[in-house]
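Observations on chain architecture
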Amino acid sequence: MGLMDRLLIVSNRLPVTVVRRKGKIYLQPSVGGLATGLSSVLRKYNTLWIGWPGIEIENSKEDLEARMKSEGLYPVHLSKGEVNGYYHGFCNKTIWPLFHSFSQYTVYNENWWSAYKKVNEKFLDVITEIAKPEDIIWIHDYHLMLLPNLLRKEMPEARIGFFLHIPFPPFEIFRLLPWRKHLLEGILGADIVGFHIYDYVQNFLQCVHRLLGYEHELGMLIVGDRVVKVDAFPMGIDYNKFENIANSPEVEEEVKKIRKKLGGRKIILSIDRLDYTKGIPLRLEAFDTFLEKYPEYIGKVTFVLKLVPSRTRVEHYVQLKKYIDELVGKINGKYGDIEWTPVQYIYRFLPLEKLVALYRAADVALITPLRDGMNLVAKEFIASKIDGKGCLILSETTGAAFELVEAIVVNPNNKERVAEALKMALEMPEDEQIQRIRAMQERLRRYNVEKWADDFIQELNKIKEVQQEFSTKYLMREL
Ligand code: GDG
């Protein structure tokens, strides 16, 4: 692979957002997400990015379009109606809940499905305009599950990879979807299909078997005359970035400030997007159970609950926010006094330096999603612990739990057990903390985000070779 290889990254959002202020239009880097995680990887390739710029406009201004293209950004413009049906509807209210096994929250709506199909086709149009046969095309996530096959039909020889960032649900859940076969066929247009962990790979292969009848061999499927490989690629983080920020004098200062402000008490930390999959109410209840069960900790420990607003237009999220506000108030009312607030609640996006300072200042990270494709927060916490001190409590229903085996792994529904885990974490001898954290750091440093992307692309290239061999054999058999 040469330096000039072109990599086309296709994802719902571009790494920039177009914002309209006082009638003028600006480009603003999108915060968090794929873009920041991948920035170090992307420098290695000649990367173009295709995605929605985050603003609902039918016709883009030409100068803006030109500016974006000069930076390798190719916008897919969506109308208000499309954004509603495809994004707020099908992605956020159908796929997101169902794939996280929240089938009771899942809404099935034929119009949203139509919008989803239409938007996937719009992405196709933008790609076919720019893609060349030798390009590597990497499609990301649940917003674009139809795209691999749409693209395959237009460009039969293309090199296409698909990676899903969220869990792939078990057959019993996936089968509930009226459009289940279309989605599987859509994904199978890729040459390589990647998931965070083997459980999702197994689920996917089982669905493919039960719904489409394809048997696999070691994760290889034969779809028509193509070989498709399905495999696990646990996503890593930009380890050096977190380590470096954690090491900076500014963060050092900030850590001291945080500790001082919290009166030198032990700090329990959690960081999430405000989402029902993250198990936030149960976590607060577990903290309540902890204080009830071990009253010696009253006044001695502060729980910093750091949330970012997310999908504030979806009713379930609005209700959840209200419920969390109430629970925080209830716990603070029950135990707090003038000098001590048990739960310190932050509901906004913080600059990365502040986030890393929180990671460093915390004694315990309490990360207990009900279901989470991977969970990068757990990995970032470990990377930021430059002195090796601290303890991670992680729920077994996250992808990250399969790698971070030195964490205290819990079932998030078991409040008693989470309360015990908190006690154990707060009382863990320092040498044991260091031993556990160093072991996890070793692994995360090696399998970082760069390695993850390299692995994925390498596998994609390999499978292309296997396909060529396969089609030669196939041809010979026919002769
Ligand atoms: C999806 C899957 C999978 C959070 N608050 C702030 C902030 N963040 C950053 C964190 C972290 C990211 O947001 C959250 O990533 P997670 O992986 O924890 O969770 P999701 O957003 O649900 O991501 C997940 C992931 O995709 C990748 O495949 O792991 O399972 O659901 O990087 O640091 N960043 C800043 N300020 C904040 O206040 N700067």
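The coordinates are above.
In what follows, the accompanying structure is described.

Next up on the list: empty space enclosed by the protein. Per the stated rule, a full pass over the model turns up 1 cavity of 30 Å³ or more. A volume near 40 Å³ is recorded for the largest cavity. Every residue along the wall of the largest cavity is listed here: G390, C391, L392, E406, A407, I408, Q433, R436, I437 and M440. Secondary structure elements with two or more residues in the lining of the largest cavity: β16 (391-395) and α16 (430-446). Of the residues forming the lining of the largest cavity, the biggest block, 4 residues, is contributed by α16. Looking at the lining of the largest cavity, its residues break down into 6 nonpolar, 2 polar and 2 charged.

The ligand sits among 22 residues. The nearest are H165, R273, L350, D372 and E380. Within the contact set of the ligand, an oxygen atom lies 3.0 Å away from a backbone nitrogen or oxygen of G373. One nitrogen or oxygen atom from the main chain of M374 is found 2.8 Å from an oxygen atom belonging to the ligand. In isolation the ligand has 740 Å² of accessible area, and contact with the protein removes 85% of it. Listing elements by their share of the shell around the ligand, those giving two or more residues are β12 (266-273), β13 (301-308), α13 (352-361) and α14 (376-384). Classifying every residue of the shell around the ligand by side-chain character gives 12 nonpolar, 4 polar and 6 charged.

As a further point, take the side chain of K306. Counting through the fold element by element, K306 comes out in strand β13. Of the buried charged residues, K306 lacks a salt bridge, with D272 as the closest side chain of opposite charge at 8.3 Å. Setting aside residues up to four positions removed in sequence, K306 forms contacts with S270, I271, D272, I346, R348, F349, L350 and L355.

A word on α14. One turn of an α-helix holds 3.6 residues; hence residues three or four places apart share an orientation. Judged by how many residues are buried, α14 sits mostly within the fold: 8 of 9 residues are covered. Listed in full, the buried residues belonging to α14 are V377, A378, K379, E380, F381, I382, A383 and S384. The elements touched by buried residues of α14 are α9 (239-247), β12, α13, β15 (364-367), β16 and α16. Looking at where α14 begins, the residue whose side-chain oxygen comes 3.1 Å from the main-chain nitrogen of V377 is N375.

For the pair helix α7 (residues 180-187) and helix α8 (residues 198-212), interaxial distance at closest approach is 10 Å and the crossing angle is 120 degrees. Taken together, the axis directions place α7 and α8 in an arrangement best described as oblique. Crossing of α7 over α8 shows left-handed handedness. Contact residues: R180, K181, L184, E185 and I187 in α7; F204, C207, V208, L211 and L212 in α8. Across the contact of α7 with α8, the residue classes tally to 7 nonpolar, no polar and 3 charged.

Reading the values: the criteria
- Residues numbered from 1 in each chain as written.
- Predicted model: local features only at pLDDT ≥ 70, side-chain atom pairs only at ≥ 80, totals over all residues.
- Heavy atoms only, no water.
- 1 Å grid on protein atoms, 1.4 Å probe; cavity = no way out; pocket = protein on both sides within 12 Å on 5 of 7 lines; lining within 4 Å.
- Points joined across faces, edges and corners; volume = space filled by probe spheres on them.
- Helix = DSSP H or I, 4+ residues; strand = E, 2+ residues; numbered from the N terminus.
- Nonpolar A, V, L, I, M, F, W, Y, C, P; charged D, E, K, R; others polar.
- Near = heavy atom within 4 Å.
- Polar contact = N/O pair within 3.5 Å; in protein donor to acceptor, adjacent residues only side chain to side chain.
- Areas by Shrake-Rupley, 256 points an atom, 1.4 Å probe, with all protein chains shown as cover.
- Buried < 20%, exposed > 50% of the residue type's maximum accessible area, 1.4 Å probe, protein only.
- Lys, Arg positive; Asp, Glu negative; His and termini not counted.
- Salt bridge = Lys/Arg side-chain N within 4 Å of Asp/Glu carboxyl O.
- Contact = heavy atoms within 4.5 Å.
- Axes fitted to C-alpha atoms, helices over the stretch in contact; angles between N-to-C directions.
- Parallel < 35°, antiparallel > 145°, perpendicular 65-115°, else oblique.
- Left-handed = near helix turned anticlockwise from the far one by under 90°.

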